[in-house]
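In case you want the letters, here they are:
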Amino acid sequence: TLGGFGIRLGTVLGRPGRRPGGDAYYYHNAANLLAEGYGFINPWRFALHPHQYIQTADWPPLFVLVLAMTSAVGLKSFFAHRVWCCIIGAAAITVCGVTGREIAGRRAGLIAALLIALYPNIWMSDELALSESLSPLLVSLILLCAYRFWREPGTRRMLLLGAMTGVAILERDELALLIPL
């Protein structure tokens, strides 16, 4: 986990002046606007017309909420949001390792954690502050809940699995495919 966090943080520190573009622009600015009390408004339209508060539901809201947590305590810069994504990525490494261990033993858990820590297509999202930063964490939590429910069924475990799946859908709409799976 610490090694994977170091990789992620190193990529952020290697380009401290990176400016948000595309999806990262949306998430970064929407989080700051949400923390300032504007609600879920379109940051591109707000940049062009600051007096027009156009509500939007074009993008799933969870990642904006997660970034807004840092904005709410004064850490509003794109750099701060990128570091926060590195922390989320480090949490994903740990949870993926625990999930792998739960499913297939200690060695599988270490391999899963190592792959999540080192695979560039995963840590790249953390460096760019993209919504995909949350996906490994949420999917591994869902797998952990599903495996525990399968191993020992119960109402509480079923509700937890359903809740985690619902939360994941609020992060990336394609994660709704986890429902039939």
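Residues numbered from 1 in each chain as written. Predicted model: local features only at pLDDT ≥ 70, side-chain atom pairs only at ≥ 80, totals over all residues. Heavy atoms only, no water.

## A word on the pattern of salt bridges
Here is the rule we go by: The term salt bridge refers to a side-chain nitrogen of Lys or Arg lying within 4 Å of a carboxyl oxygen of Asp or Glu. In this description a helix means any DSSP run of H or I spanning at least four residues, a strand means any run of E spanning at least two, and both kinds are numbered starting from the N terminus. Buried residues are those whose accessible area, probed at 1.4 Å on protein chains only, stays under 20% of the maximum for their type, while exposed residues exceed 50% and partly exposed ones sit between those limits.
Taken as a whole and assessed by the stated rule, the structure comprises 8 salt bridges. Of the charged contacts in the structure, one is a salt bridge between Asp-126 and Arg-8, with a shortest N-O distance of 2.7 Å. With a gap of 118 residues between them, Asp-126 in helix H7 (residues 120-128) and Arg-8 in helix H1 (residues 2-14) connect regions that are remote in the sequence. In terms of burial, Asp-126 and Arg-8 fall into one category: buried. One salt bridge in this structure joins Glu-102 and Arg-148, with 3.3 Å as the shortest N-O distance. With a gap of 46 residues between them, Glu-102 in helix H5 (residues 78-104) and Arg-148 in helix H8 (residues 135-151) connect regions that are remote in the sequence. Here Arg-148 falls in the partly exposed class, since its relative accessible area comes to 31%. In the salt-bridge network here, residues are joined through shared partners; they are Arg-18, Arg-82 and Glu-127.

## Considering the layout of surface pockets
As a reminder, the rule being used: A cavity here means a set of 1 Å grid points, computed over protein atoms only, where a 1.4 Å probe fits but cannot escape. A pocket is an open set with protein on both sides within 12 Å along at least 5 of 7 lines, and lining residues have an atom within 4 Å of a point. Grid points are joined across faces, edges and corners, and a volume is the space filled by probe spheres set on the points. Under the scheme applied here, ten amino acids are nonpolar (Ala, Val, Leu, Ile, Met, Phe, Trp, Tyr, Cys and Pro), four are charged (Asp, Glu, Lys and Arg), and all others, including Gly, are polar.
What the largest pocket holds in volume is close to 160 Å³. Lining the largest pocket are Val-139, Ile-142, Leu-143, Ala-146, Leu-161, Gly-162, Thr-165, Leu-178, Ile-179 and Leu-181. Listed by contribution, the elements that provide at least two residues to the lining of the largest pocket are H8 and helix H9 (155-169). At 4 residues, H8 tops the list of elements feeding residues into the lining of the largest pocket. Considered class by class, the residues forming the lining of the largest pocket number 8 nonpolar, 2 polar and no charged.

## Quick notes on the nonpolar core
Considering soluble globular proteins, one finds that nonpolar side chains tend to be buried as a cluster. For clarity, the threshold we go by: Residues belong to one nonpolar core when they are buried, are Ala, Val, Leu, Ile, Met, Phe, Trp, Tyr or Cys, and are joined through side-chain atoms within 4.5 Å. What makes two residues a contact is simply this: any of their non-hydrogen atoms within 4.5 Å.
Counting 28 residues, the largest nonpolar core has Tyr-27, Phe-63, Val-64, Leu-67, Leu-134, Leu-137 and Leu-138 as the members making the most contacts within it. Among the elements of the structure, helix H2 (23-35), helix H4 (62-72), H5, H8 and H9 are those that each provide at least two residues to this core. The contacts of Tyr-27, once residues within four sequence positions are left out, are Trp-59, Phe-63, Val-64, Leu-67, Ala-129, Ser-131 and Arg-172. By size, the runner-up hydrophobic cluster in this structure holds 6 residues, among which are Ile-93, Ala-113, Ala-117 and Ile-122.

## Here we look at helix H6 (residues 106-118)
The α-helix advances 3.6 residues per turn, and as a result positions three or four apart in sequence lie on the same side. Defined as follows: Working rule for helices: expected span equals 1.5 Å times residues minus one. Comment: arc refers to directions from the helix axis out to C-beta atoms.
Between the first and last C-alpha of H6 there are 18 Å, a value that for 13 residues agrees with the 18 Å anticipated at 1.5 Å per step. Every buried residue of H6 is accounted for by Gly-109, Ala-113, Ile-116 and Ala-117. Projected down its long axis, H6 carries its buried residues within an arc of 100 degrees, all on one side. The outward face of H6, more than 90 degrees from its buried face, is lined by the exposed residues Arg-107 and Leu-115. Tucked into the core, H6 has its buried residues touching H1, H5 and H7.

Geometric values such as these leave the question of function open.
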